Amino acid sequence: MDKPLHIFLRSLEKFETKNCSWLSAHDVTIYGPLLQSVLVVQDLESVTREPRSCTIKFSASCMKEFTYQGYGGISQPIVLSNPSAARDAFVKIMLDRSGSYVQETGSCACLLLKCFSQAKRIEFHGSEVLTQANMIVLSRFAMLSHLDLGVITGEVLLSLLQKSPILNTLVLKEISTFDQELLNSAAVPECLASSLRFVKFGSVDGSQPELFLAKYFMENGVVLERMSFCIVNGWLSNSKYICAKCVVCEDIKVSNIMLDSEFNAKLGDFDLIRFVDHAKGAQTTALAGTIGYLTHEFAITGRASNGTDVLSLGGLWKKTSTY
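Computed from a predicted model, the values in this text were never measured in an experiment. (Residues numbered from 1 in each chain as written. Predicted model: local features only at pLDDT ≥ 70, side-chain atom pairs only at ≥ 80, totals over all residues. Heavy atoms only, no water.)

Trainee: It is not clear to me how the overall build of the chain should be interpreted in this structure. Could you clarify?
Mentor: Helix and strand counts for the chain stand at eight helices and 19 strands. Per-residue burial for the chain yields a buried fraction of 45% across its 323 residues. Nonlocal contacts in the chain, meaning residues at least 24 apart in sequence, comprise 66% of its contacts between residues at least 6 apart. With an accessible surface of roughly 15900 Å², the chain has 53% of that area assigned to carbon and sulfur atoms. (Helix = DSSP H or I, 4+ residues; strand = E, 2+ residues; numbered from the N terminus. Buried < 20%, exposed > 50% of the residue type's maximum accessible area, 1.4 Å probe, protein only. Contact = heavy atoms within 4.5 Å. Areas by Shrake-Rupley, 256 points an atom, 1.4 Å probe, with all protein chains shown as cover.)

Following this line, the structure appears as structure tokens:
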């Protein structure tokens, strides 16, 4: 059947579909005036990975939640006929793969994001499929306040930040590549100066992309209130954090270790953190830190180094082992 397929679901509020190929029509339009929740699951590992010309279109008046789960990527366009119908919606895109994504995944993912330009919250796991080239098609996310991303390049992240003027919370799993020169030449995103208050990094191992980005946020985040890292099981248990990376915290202590709902430990309070040249060390104009966690040398000379964090870490371990 070559003609378009139209499905009318006048009273349906929740729509779910799994591995529907829609190969019998070029275009499929689903009309659901009361539709609030949509779940689309596609397993491209178990079906043909050839490109599909048909488009799945949803026509709704008040969509609150949209979820796409794609194993192998996205092979066909999925669009929303009226982007304003998803105003303040929660959008979740989860892409998984055992091999490689289908070729159309990047462009189809951008097209899907474009349809939800007025969403309030977006979670995108599998965001490594996004490239700077297909960022051009995206509109401004004028209503977006919460953005949760998986693995992503620094270039694409900067583009998304520049398109999200009122972003309040940013969650990052991993930065794959990062061009420091790009930050020096690009304009600072509007959200850093007006709305971005919370930044959460995933499992950070002290690699350069995360460190450069953390420094960028600290220098330009005018209203930034909190920046957290999942690093106790990574950085702090890895001697490279103290010995190989030029990062000095100066205030590692029990009260600065936070636990989330799953009891994962995270280091907080980065008021005193700094990047330090190994050869030069850091000179402090005024003593800062917590008595009991500071070395005598630091108190006398005012010079912070990786050794000051070693003593603080030892004090932390001693305290936690006696609780």
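More follows now that the structure is in view.
Trainee: Got a minute to help me understand helix α1 (residues 105–115) in this structure?
Mentor: One turn of an α-helix holds 3.6 residues; hence residues three or four places apart share an orientation. Of all the eleven residues making up α1, eight are buried; the element is thus mostly covered by neighbouring parts of the structure. For α1, the full list of buried residues reads T105, G106, C108, A109, C110, L112, L113 and C115. Packing partners of the buried residues in α1 comprise β6 (65–71), β7 (78–80), β8 (90–96) and β9 (121–125).

Trainee: Looking at this model, I keep getting lost on the sheet that holds strand β1 (residues 5–8). Mind explaining?
Mentor: Sheets are built from strands paired through backbone hydrogen bonds, the pairs being either parallel or antiparallel. Pairing is parallel across the open sheet formed by four strands, whose spatial order is β1-β3-β5-β7. Both edges of this open sheet fall to β1 and β7, since each of them pairs with a single strand only. The average angle at which neighbouring strand axes cross in this sheet is 20°, direction not considered. Alignment of strand β5 (residues 55–59) against β7, held across three bridges, turns out to be parallel. If you follow F58 over to β7, its bridge partner there is L80. (Pairing = 2+ DSSP bridges. Axes fitted to C-alpha atoms, helices over the stretch in contact; angles between N-to-C directions.)

Trainee: Help me understand the nonpolar core, please; the structure alone is not making it clear to me.
Mentor: Burial of nonpolar side chains together is a common tendency in soluble globular proteins. If you look at the biggest cluster of nonpolar residues, it comprises 63 residues, and the most contacted ones within it are F58, F66, F116 and F217. With residues near it in sequence (within four places) discarded, F217 still touches L161, L170, L172, L192, L196, V199, F201, L224 and M227. (Core = buried A, V, L, I, M, F, W, Y, C linked by side-chain atoms within 4.5 Å.)

Trainee: What is the right way to read the packing of aromatic side chains from this model?
Mentor: Each aromatic ring pair is summarised here by two numbers: the centre-to-centre distance and the angle between the ring planes. Applying the stated criterion to the full structure yields six aromatic pairs. Centre to centre, the rings of F8 and Y31 are 4.7 Å apart; their planes meet at 10°, and the pair counts as stacked. Taken as a pair, F8 in strand β1 and Y31 in strand β3 (residues 27–31) lie far apart in primary sequence, 23 residues in all. Exposure remark for F8: the relative accessible area of 48% places this residue in the partly exposed category. Judged by centre distance (6.4 Å) and plane angle (55°), the ring pair of F201 and F217 falls under tilted. Of this pair, F201 sits in strand β12 (residues 198–203) while F217 is found in helix α5 (residues 208–220), placing the two residues 16 residues apart along the sequence. The residues F201 and F217 share a single accessibility class, namely buried. The rings of F15, F58, F66 and F116 are connected pair by pair, giving a single aromatic cluster. (Phe/Tyr/Trp six-rings, centres within 6.5 Å; stacked < 30°, edge-to-face > 60°.)

The analysis is restricted to geometry; functional conclusions fall outside its scope.
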